[in-house]
Amino acid sequence: MSTRLATGGRLIDRSKPLSFTFNNKRMTGFKGDTLASALLANGQKLVGRSFKYHRPRGIVARGAEEPNALANFGTGANFEPNQRMTTTPLTDQAVVASQNHWPTLEFDVGAINASLSRFLPAGFYYKTFNWPRAFWAGLYEPIIRRSAGLGKAPRQADQDRYEHLYAFCDVLVVGGGVAGLTAATAAAESGDQVILLEQTGSWGGRSVIDGGDVDGVEITQWVKNALQALDQNKNVTIRKDTMGAGIYDHGYVIAYEQTHDTDAPRHRLWRIRAGRIITATGAIERPLSFANNDLPGVMLASAVRDYVCDHGVSPGDRTVIVTNNDDAYQTALALKNAGLEVPVILDARQDPQGPLVAKARALGIRVAAGRGVASVTGKRGVEAVEVCLHAGEGAVLETIPCEAVAMSGGWSPVVHLWSHCGGKLIWDDAQAHFRPDPDRPPTGHDGQAFVTTAGSASGAMSWPEVLIDAHRAGGGQGAAPAADSEDAGPMLPVWVMPQGAGVAKRTKMFLDFQNDVKVSDVQLAAQEGYESVEHAKRYTTLGMATDQGKLSNINGLATLSDALHQPIPQTGTTTFRPPYTPISMASIAGEARGELFQPLRRTPMHDWHAQHGAQWEPVGQWRRPYAYVRAGETVDQAVAREVTATRTSLGLLDASTLGKIIVKGPDAGRFLDMMYTNMISTLPVGKCRYGLMCSENGFLIDDGVVARISDDSWLCHTTTGGAERIHGHMEEWLQTEWWDWNVFTANVTEHWAQIAVVGPNARKTLEKLGDMDVSAAAMPFMTWAKGTLAGIPVRVFRISFSGELSYEVAVPASQGLSLWENLHASGEEFDVTPYGTEALHVLRAEKGFIMIGDESDGTVIPHDLGLEWAISKKKTDYLGKRAQARSHMTDPDRWKLVGLQTLNRSTLPDGAYAVAEGVNENGQRKTEGRVTSTYHSPTLDRGIAMGLVLNGPDRMGEVLTFPGTDGTPYEARIVSPVFFDPEGDKQNV
Amino acid sequence: MLLITCPNCGVAAEETELHPGGEAHIKRAGAEASEGEFEAYLFRRENPRGVHFERWRHAHGCGKWFHAARCTATLEVFGTYSAQTTEPPAEILEKVRAKRPGWSWRDLQ
């Protein structure tokens, strides 16, 4: 059993007890505990089940590298799965639950997988569930999904606040250990703007646990002094609980702050642009691969030391230490100092000789040289260690009862941030680790290095080296802070313990604890030909869990290299990708949710619409009324009412969202002739023309009415969603191709409100507002005029998208609402009806007018839509002209626009395909057309549709079959797309 | 996230302020172009692992198009210049030559 010690614990405040539950069992901890330290203090070593075999698992580490200890944390709207217990601070009344077990943590049915483990080797899923194919969706996938998976998904919306912060600095230092503090101090002294980040809640890193002096000052005091000096420097910003998550191109950094403060946003995503980045990210201890190294109670030696020193937690009365280096001796000393027993230090080295070794011996600790662990025994936790010769095959020399095993396989620099943006690594034989290669750093926009490492992140493994390296990294002048150091003895690389272990042992040596990848799995992958480290990783899932292989990587690479009989550098590493540890999705979203998700564009009449029952339709960033629904009416009924009122009397449409672009200048006509398929330059002042725009690929991209405003200026209307895009398109050609043409463009979409006054009574309604002659003689179809209506200066365009007598009235935006209300007053006697976008669509579809985005989809040319009349034959060139002459564009078998009329008056499903005889090479029915627009027409009281059909215009009267998604076939006759008033009598009055 | 200086307004702009526009210095083939010329204009592009000349628009800034000489492998930016030119300026070519001996792009060396 682990327990709380009577004294000690640098980080805990024993005067502030906290109460929490773990799997509904009440427990207590102290302020300053993490979930992990509190659970250990309560004797809870078993904290979860493994992913694949459901083996009992305990806490291995004390930081971000922890693979096992993940919890469901919180309740209700504050519930979060997969919280790493070693980095989550304990809070009062916390509700903590273990994951991946059924029915209980202590008794797990899935543990049967463990006894089947020899039938579940690497690549098991790939090999087994391939066949028969039909079994996958119905049988295999549901079972695998139920038995795998980690935490539960939250069931309620997150109630907390999150935000993004933007910061800029000359030097960003990631890591608040001795190296980070030294580098930040050096950088700040040169006058640079410095930001210093520390991922945990405390400063000083490992140094304050191991003790010692820097510049003659005791380390804890030195850290305090350094921090205070930085805090007082106005050029320095310091942030704890903030992890450097990722380094990106050109010095861009994402940092992740967890505030632990109820008033502040819960998480902050820092978006930092740094001139130079110093990663002082330290090093992580490696586990050793011996049989049953995953039993609860087997921990990293450094973690054992941390729990004793930082949290006053004993891992158990008796801890066996197993190591290949001197550092683990510190753990032995710390345990001894806490009054606990270290029965033996098993040192794989034949002749360990360092000052720490001598100290341990002097304290009376037994040091067994050349020894290793044959196996750890115990049911749900460590009960004893079987000792063997490391050089041998694992014959048990003696069995030592104990409650915990502290292991150390050496230290690996945290190179993630260095590697994110292309920093390369070199293999260090002496320390048996990859470290950053200072000659191949990540480079920035100027081709210069922008990331430097400092301290043990560089591979510096002693205090004096760390200080010198960090001082240099910070650009420090003069001498680096000095520290005494006792030379450590050389370490011995150990990848499998004992080195001659047979297969029975290797199948119990875990490399990746979180994904249950064993030494034998990696060896099998190599044997089956997965020689590339990236392939072996994916085949075995080594390093693919949420801990991203922080503990397993090097051991896995070494095992793979050994199996391939090649040196480790030749195997190389897998790619390090951000973030360093998982960050919350909510922090990435930041404030961008709900109303703040994206800006909302409103027309001047927006509020009026809202007050009159508007059902909104998002169109780009605009909200347009879909229909104005009255009490007791369905949306469909409202649409039908609006269509009928417009056809029979008077409808008003807020058309303000239509794009409006002014094109002006001596070369404007010539330019518009290139932009549009029609001839625009010859349009007389005062006239309007419907124009089509195509891309250089020939495809239709936009349409709209162009009005000539004056000799040198035109007003181009675009679709609602198209204003910015088309303005950009024009600017692109003007700036990058015809920059010598004298043309200016301005997007004035929001400067003008626009109202369509539509229906047989449209003219009378305008006439009542006085001062302007809008008669058929003064304003024929496709003309425009300036004037005054209701005392407001207006531009009236006589154009129609409904087939009715129609005027579009543009007014300065500030007077849009006023004119809208005046038109309502004037039209009252005609039962004026505002109509929304759906009625607009029905009106235009009844007339066979196309809609960009419905009839066009980026693969449609004007010729497909029967719009040859809008393509100038006289012009020598326009955008898309050459492309439209290519063989595929002139193919007579292109699908062409027709009307579709169901035989039983029903409405065709949108997007339905017409089936043809026979099947294609994939065995699917051949198709010969598709529906592009489909509505119920209240005017004709039947379904009407438009569609693109093979040889459509030549097949009038033929009946096509459209299978619906519900299995019902729809039969529709090919007809003209103009369903209503084909002669145009209603519009020409 | 790239940091590219707009030569028009002088702002060192974040990539999110910019809109990429593909390869620079493409000569338009008009209505009279042959099949081959038109195919080359519309579809044939350089795809170097190294220095590339590309178009960018300072879309959420001054709105102007410009060109950049940028290494697609190291992301080093050798310089930015006006879009209203048919070839890269001599001083940028000099810079590329100095840092990337043996380099070539289309017929530039």
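Refer to the structure presented above.
**Student:** Help me get a handle on the overall build of chain A, residues and values and all.
**Tutor:** When you go through chain A residue by residue, the secondary structure sums to 25 helices and 51 strands. Dimensions of chain A, computed from the C-alpha atoms along their principal axes, are close to 115 × 65 × 55 Å. Taking all 989 residues of chain A together, 57% fall into the buried category. Across chain A, contacts joining residues at least 24 apart in sequence account for 65% of those joining residues at least 6 apart. Entry remark: accessible area of chain A is about 40,300 Å², with carbon and sulfur atoms responsible for 52%. Where the 94 positive side-chain charges of chain A centre and where its 111 negative ones centre are 3 Å apart.

**Student:** Can you tell me about the sheet that holds strand β47 (residues 913–919) of chain A, naming the residues and giving the values?
**Tutor:** Residue and element names in this part refer to chain A. Reading across from one edge, β47-β48-β49-β46-β51-β50 is the order of the 6 strands in this open sheet, with antiparallel pairing throughout. Edge positions in the sheet fall to β47 and β50 (959–963), since each of these pairs with one other strand and no more. Taking each pair of neighbouring strands and ignoring which way they run, the sheet shows an average axis angle of 35 degrees. With 4 bridges connecting them, strand β46 (residues 895–902) and strand β51 (residues 969–975) associate as antiparallel partners. Looking at β51, one finds that G899 is bridged to V975. Seen against the sheet, helix α25 (residues 837–846) touches β48 (925–937) and β49 (942–950) and runs at an angle of roughly 115 degrees to β48.

**Student:** Give a description of unusual backbone geometry that names residues and reports values.
**Tutor:** Residue and element names in this part refer to chain A. For the peptide bond that leads from M497 to P498, omega is -5 degrees, which places it in the cis range. Residue placement: P498 occurs in the loop between α12 (463–473) and α13 (503–506). The residue after P578, namely P579, is reached through a cis peptide bond having omega -5 degrees. Within the secondary structure, P579 sits in the loop between α17 (568–571) and α18 (585–589). One non-glycine residue, N292, lies in positive phi territory at about 60 degrees. The topology assignment puts N292 in the loop between β17 (283–285) and β18 (298–300). The exposure class assigned to N292 is buried, which follows from its relative accessible area of 13%.

**Student:** How would you explain the sheet that holds strand β35 (residues 651–654) of chain A if you had to name every residue and give the values?
**Tutor:** All names here are of chain A. Taken together, the 6 strands give an open sheet; going across it, the order is β42-β43-β44-β41-β35-β45, and neighbouring strands pair in mixed fashion. Of all strands in the sheet, those with a lone pairing partner are β42 (784–789) and β45 (833–834), marking the two edges. Of the pairings in the sheet, the one linking β42 to strand β43 (residues 792–797) comprises 6 bridges and is antiparallel in character. Directly across from K786, in β43, lies its bridge partner R795. Packing of helix α24 (residues 816–826) onto the sheet brings it into contact with β35, β41 (752–758), β42, β43, β44 (806–812) and β45, and relative to β41 it is tilted by some 15 degrees.

**Student:** A description of the interface of chain B and chain A should follow, citing residues and the corresponding values.
**Tutor:** Counting residues at the interface gives 31 residues for chain B, matched by 33 residues for chain A. Taken together, both faces of the contact between chain B and chain A bury some 2,700 Å²; the carbon and sulfur share is 48%. Summed over the shared surface of chain B and chain A, the number is 5 salt bridges. One salt bridge in this structure joins E732(A) and R55(B), with 2.4 Å as the shortest N-O distance. Scanning the region where chain B abuts chain A turns up 19 residue pairs in polar contact (both at pLDDT 80 or more). Mapped by element, the contributors of at least two residues to the side of chain B that touches chain A are α1 (35–43) and β4 (51–57) of chain B. Of the residues forming the side of chain B that touches chain A, the biggest block, 5 residues, is contributed by α1(B). For the side of chain B that touches chain A, the per-class residue count stands at 15 nonpolar, 7 polar and 9 charged.

Criteria and cut-off values
- Residues numbered from 1 in each chain as written.
- Chains lettered and ligands numbered in written order.
- Predicted model: local features only at pLDDT ≥ 70, side-chain atom pairs only at ≥ 80, totals over all residues.
- Heavy atoms only, no water.
- Helix = DSSP H or I, 4+ residues; strand = E, 2+ residues; numbered from the N terminus.
- Buried < 20%, exposed > 50% of the residue type's maximum accessible area, 1.4 Å probe, protein only.
- Contact = heavy atoms within 4.5 Å.
- Areas by Shrake-Rupley, 256 points an atom, 1.4 Å probe, with all protein chains shown as cover.
- Lys, Arg positive; Asp, Glu negative; His and termini not counted.
- Charge placed at Lys NZ, Arg CZ, Asp CG, Glu CD.
- Pairing = 2+ DSSP bridges.
- Axes fitted to C-alpha atoms, helices over the stretch in contact; angles between N-to-C directions.
- Buried area = accessible area lost by both parts, 1.4 Å probe.
- Salt bridge = Lys/Arg side-chain N within 4 Å of Asp/Glu carboxyl O.
- Polar contact = N/O pair within 3.5 Å; in protein donor to acceptor, adjacent residues only side chain to side chain.
- Nonpolar A, V, L, I, M, F, W, Y, C, P; charged D, E, K, R; others polar.

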